[in-house]
Amino acid sequence: MNELTDSFPLLEYPPQHVGIIMDGNGRWAEANGKSRYQGHQAGTDNLERLLDDSIEFGVKMITAYAFSTENWRRSTIEIKGLMKILERVIDNRLVELSRKGVQLRHLGDLEKLESTLRKKILQGIESTRHNEKLILNVAFNYGGRSEIVQAVQRVIQDKIPPEQITEELLSRYMYTAGSPDPDLIIRTSGEFRTSNFLIWQAAYAEYYVTPTYWPDFNKTEYYRALSEFGKRDRRYGGRKG
Ligand code: FPP
């Protein structure tokens, strides 16, 4: 399939919810003689492009892993850069994304973010909440284990009796409450790790791992990932009937 010359046939079984671990921005930057900041910026441009593709391909929800709880270990300059990028996307790109029908949501702990960014995220969520074409969950200051810990803390605060604690109940205490679990997780730049991403929700997700660095992950490869997903036989631990 060539992006420039071919069209992309309708997918029979597009995944509803795709999670993306956008890895390789730093290595892409190094390979292209650019700064890490420019690498993350190129990654952000690529995410915006992928949102258009997602609408075209029939995907309903994207969860993008933009800043993990572990990312606080990076240099201050890189952390500030990532915060700035998110702020700029909300300031400069959200109106256009909203026009296309994108609804912004956030997964993670907002409390540790600077108040300006926190307010912008909340305003962005509010201003796009009626959009229905595509839901974009931005996992920002997100960690799967800390998500489970905060869920358990709130279950205890709510004094839920042990016999009422079920998988369904815990799911309602996760940041993704009310959302479908991811069907497919895409991880770029060749690492075979979950990296604390949606570890509760991805119990039955299919994985697509590619050596491509995130900024180079294009429409053709996205289509390939989605069509491979459509061919997989998902048994959820059961046997073929
Ligand atoms: C991993 O690449 C990427 C990140 C830690 C950040 C990804 C964030 C963005 C693309 C910004 C997204 C912004 C919005 C608005 C959702 P890496 O730095 O670990 O790359 P490396 O492993 O090659 O060094």
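Everything numeric in this text was worked out from a predicted model, so none of it was measured.

Asks: Please set out the packing of aromatic side chains residue by residue, giving values where relevant.
Replies: Under the criterion given, the structure shown has 12 aromatic pairs. Taking 6.1 Å as the distance between ring centres and 65° as the angle between the ring planes, the aromatic pair formed by Tyr142 and Tyr175 counts as edge-to-face. Linking Tyr142 in strand β4 (residues 134–142) with Tyr175 in the loop between α6 (167–172) and β5 (184–187), this pair joins segments that are 33 residues apart in sequence. For Tyr175, a relative accessible area of 25% puts it in the partly exposed group. Members of the aromatic cluster, connected to one another through ring pairs, are Phe8, Phe57, Trp214, Phe217, Tyr222 and Tyr223.

Asks: Can you break down the sheet that holds strand β6 (residues 206–209) residue by residue, with the values?
Replies: As summarised here, the arrangement of the 6 strands in space is β3-β4-β2-β1-β5-β6, forming an open sheet in which the pairing is parallel. A single partner strand is all that each edge strand has here, and the edge strands are β3 (102–107) and β6. Each strand of the sheet is rotated relative to its neighbour by a mean of 20°, with strand direction disregarded. As paired elements, strand β2 (residues 61–68) and β4 share 7 bridges and run parallel to each other. Looking at the pairing, Phe67 lines up with Phe140 of β4.

The rules behind the values
Residues numbered from 1 in each chain as written. Predicted model: local features only at pLDDT ≥ 70, side-chain atom pairs only at ≥ 80, totals over all residues. Heavy atoms only, no water. Phe/Tyr/Trp six-rings, centres within 6.5 Å; stacked < 30°, edge-to-face > 60°. Helix = DSSP H or I, 4+ residues; strand = E, 2+ residues; numbered from the N terminus. Buried < 20%, exposed > 50% of the residue type's maximum accessible area, 1.4 Å probe, protein only. Pairing = 2+ DSSP bridges. Axes fitted to C-alpha atoms, helices over the stretch in contact; angles between N-to-C directions.

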